[in-house]
Each structure stands twice: as C-alpha cells, then as structure tokens.
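Inside the fold
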Amino acid sequence: MKIQVLSKEMASRIAAGEVVERPASVVKELLENSIDAAATEITISIEKSGTSLIRVSDNGEGMAPEDLPLALERHATSKLRSEEDLFRISTLGFRGEALPSIASVSRFEITSRQAAYDSAYRLRVDGGSETAAQMAAAAPGTTIELKDLFYNVPARRKFLKSLPTEFSHICDIVNRLALAYPGIHFRLEHNGKTLIDFVAVRDLRERLSQVLGREVAESLRPFEHRQGVLSVSGYLSLAPTAFPNSRHLMTFVNRRYVRDKILTHAVLHGYETLLMKGQYPAVVLLLDIPFDEVDVNVHPAK
C-alpha cells in the first residue's frame, strides 16, 4: 500500500510545526489558555530564553482530573460546543491543538486543581508518551511546565535565533497581552530573576505606563469613536513625537493582537503629513467588532 495512516506521534510532531515555532509560541498559547480560564494572576518562569524551561502558573478555574488526559488529545477543547460556536469565537484559544502539540516536542507536565477539589492532579508527557494522572499538592489553578523544547526535533532547534532574540520575542508576547488585559497581574521571571511585574490596574492608561514606560505613556492621548456595531479606541502619540521603528504600533481586534496591513496602513496614513519618512508613531489601537463578523480561523496561528 502506498497510502498509510501516520502514527499518533508522527501526526503530533507535524501539528507541532504549525503551532510551536519558537519558545514565544509556547508562551503565547499557554498565556491565552490562562486568560480564557479567567485567571487574574499569571506567572511565567523561563530559563535559557525558554529552550531549557517554560513554566506558566495561573489562578484560573483549573481542570478536573478526568479533563487532564482529554486536554492532551488533539482537537479536544472546552471552548466549542456546536458548529455555530466556530463563527462567533470569543476566546483566545479554541482549536485544542496547543497542548498536545507542545507536549509532543518537550518533556511536559501539567498540574491542575479546581477550587471544589481538595487536591490537584498531575499528568506527565515525554515526547508524546503520556503517564496516568496522579494526585499532587497545588493551589487552585493550573501550572504547565515543559523542559528541553524541541529535544526530539533537533532540526527545529537549530533554526532558533540567539537566546537574547528568543527572549525578546517572549517579552513582546507578554507586553501585548498585558496591554489587552490590564486587569490581570503578569509576572515574568528569567533565570530566577523577575524582569516584568505588571500588577493589575484599572485601565489601559495605567498599563501603558508599565509596559511602555512613564515618559512614552504620558505623551499619548486617548481617542474613541463608535460607528454602528464597530468601536475603536486607544491611545496615540502626538506629532512630532516619533520612533525609528514600528515597535510601539500595536493593533488589537477584540483584544487579540493582530498584524493587519489595512489597520497599519490606516494608522500610518493618518500621520502621513505629520512625521518624517522612516519615523513611526506610538499607537495602541483597540478595535471591537461583533464576534460573528470576525473569522479567527483563517490562519494556523490564529
């Protein structure tokens, strides 16, 4: 026979290629799960820019022991109940691909506890080989820890950039999600040192000061406009304040960070006669649109 069904391990590693590009991809997926679980405090612990260790702990809803093995099945999710749900996605993660894909290319451990349970349960996976869930001691919430990312996919590990570059990508992920969710406390530790500690704040302006620095934040002005079912709001810099790159130009759709040429062009077009060529403004743009008007299923990275 020329056609064969791929083994579960092989299929998982192929799927991992879509989901897990670098350590920052893992951090993004795990943070999105924590946010969807209604966490108000999330701690990210990193060693060697995520190549050696990534641990994400939250105080969210947690999972029951029977849910742990299901969470590691491909296409298993708590966020879709019917076909109609796919066309009004209100969560960040929904495909059920992240955890099994991450677990297939790392030494993976998940510990979770719901508040109604007296104890937590822990499940380990080593390169796709799963153990049975066991009782463990932990506070309500979920902790996911993975070591030696890509240890069994050496070719992908070779394509990673330098450790400082990989860590900068992780910081970008944390910063963007922190801007979208100012009511959540984000803490980032690297090699045992706390480098980011964004305590929960009341509004975006306070979070801007944490993420962009007080000087930049104080130079920004709020804007808001509503037209029909669409609303756009955020903060923008006033000319002649400018930056040499577009690092401070961030656009969000329903609190999901997106890179969209149309949105970026619209922002830059507004500054066209105000800034010199090669200069960029600082803009945090939040576009809110009905969930059924957005197709977040158009790209593997959502």
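Our subject is the structure that appears above.
Residues numbered from 1 in each chain as written. Predicted model: local features only at pLDDT ≥ 70, side-chain atom pairs only at ≥ 80, totals over all residues. Heavy atoms only, no water.

Regarding the overall build of the protein
Condition: Helical segments are the DSSP runs of H or I of at least four residues, strand segments are the runs of E of at least two, and each set is numbered from the N terminus. Exposure classes here rest on a 1.4 Å probe applied to the protein chains alone. A residue is buried below 20% of its type maximum, exposed above 50%, and partly exposed in between. Per-residue accessibility takes into account occlusion by the displayed protein chains alone, with areas from the Shrake-Rupley method and a 1.4 Å probe. None of His or the chain ends enter the tally, which takes Lys and Arg as positive and Asp and Glu as negative. Where a charge lies is defined by one atom per residue type: Lys uses NZ, Arg uses CZ, Asp uses CG and Glu uses CD.
Looking only at helices and strands, the protein features nine helices and 14 strands. When the backbone C-alpha atoms are referred to their principal axes, the protein occupies close to 60 × 50 × 40 Å. Counting every position in the protein, which comprises 302 residues, the buried fraction comes to 45%. Total accessible area computed for the protein in this model is approximately 16,500 Å², and 53% of it derives from carbon and sulfur atoms. Across the protein, the mean location of the 37 positive side-chain charges is 6 Å away from that of the 38 negative side-chain charges.

Thoughts on helix α7 (residues 204-212)
What counts here: What the arc describes is the spread of directions from the helix axis to the C-beta atoms. Whenever a nitrogen or oxygen atom comes within 3.5 Å of another N or O atom, the pair is scored as a polar contact, on the condition that within protein one atom can donate a hydrogen and the other can accept it, and that pairs from neighbouring residues in sequence are kept only if both atoms are in side chains.
Every buried residue of α7 is listed here: Leu-204, Arg-207, Leu-208, Val-211 and Leu-212. Down the axis of α7, the sector holding all buried residues measures 110 degrees, keeping them to one side. With a side-chain oxygen lying 3.3 Å from the backbone nitrogen of Arg-205, the N-terminal cap of α7 falls on Asp-203.

Re the pattern of salt bridges
Basically, it comes down to this: Counted as salt bridges are all cases of a side-chain nitrogen of Lys or Arg within 4 Å of a carboxyl oxygen of Asp or Glu.
Counted by the stated rule, this structure contains 12 salt bridges. Arg-202 is the salt-bridge partner of Glu-206, the closest N and O atoms lying 3.4 Å from each other. Note on Glu-206: relative accessible area 30%, which makes it partly exposed. It is possible to trace a salt-bridge network through shared partners that takes in Glu-41, Arg-187 and Asp-197.

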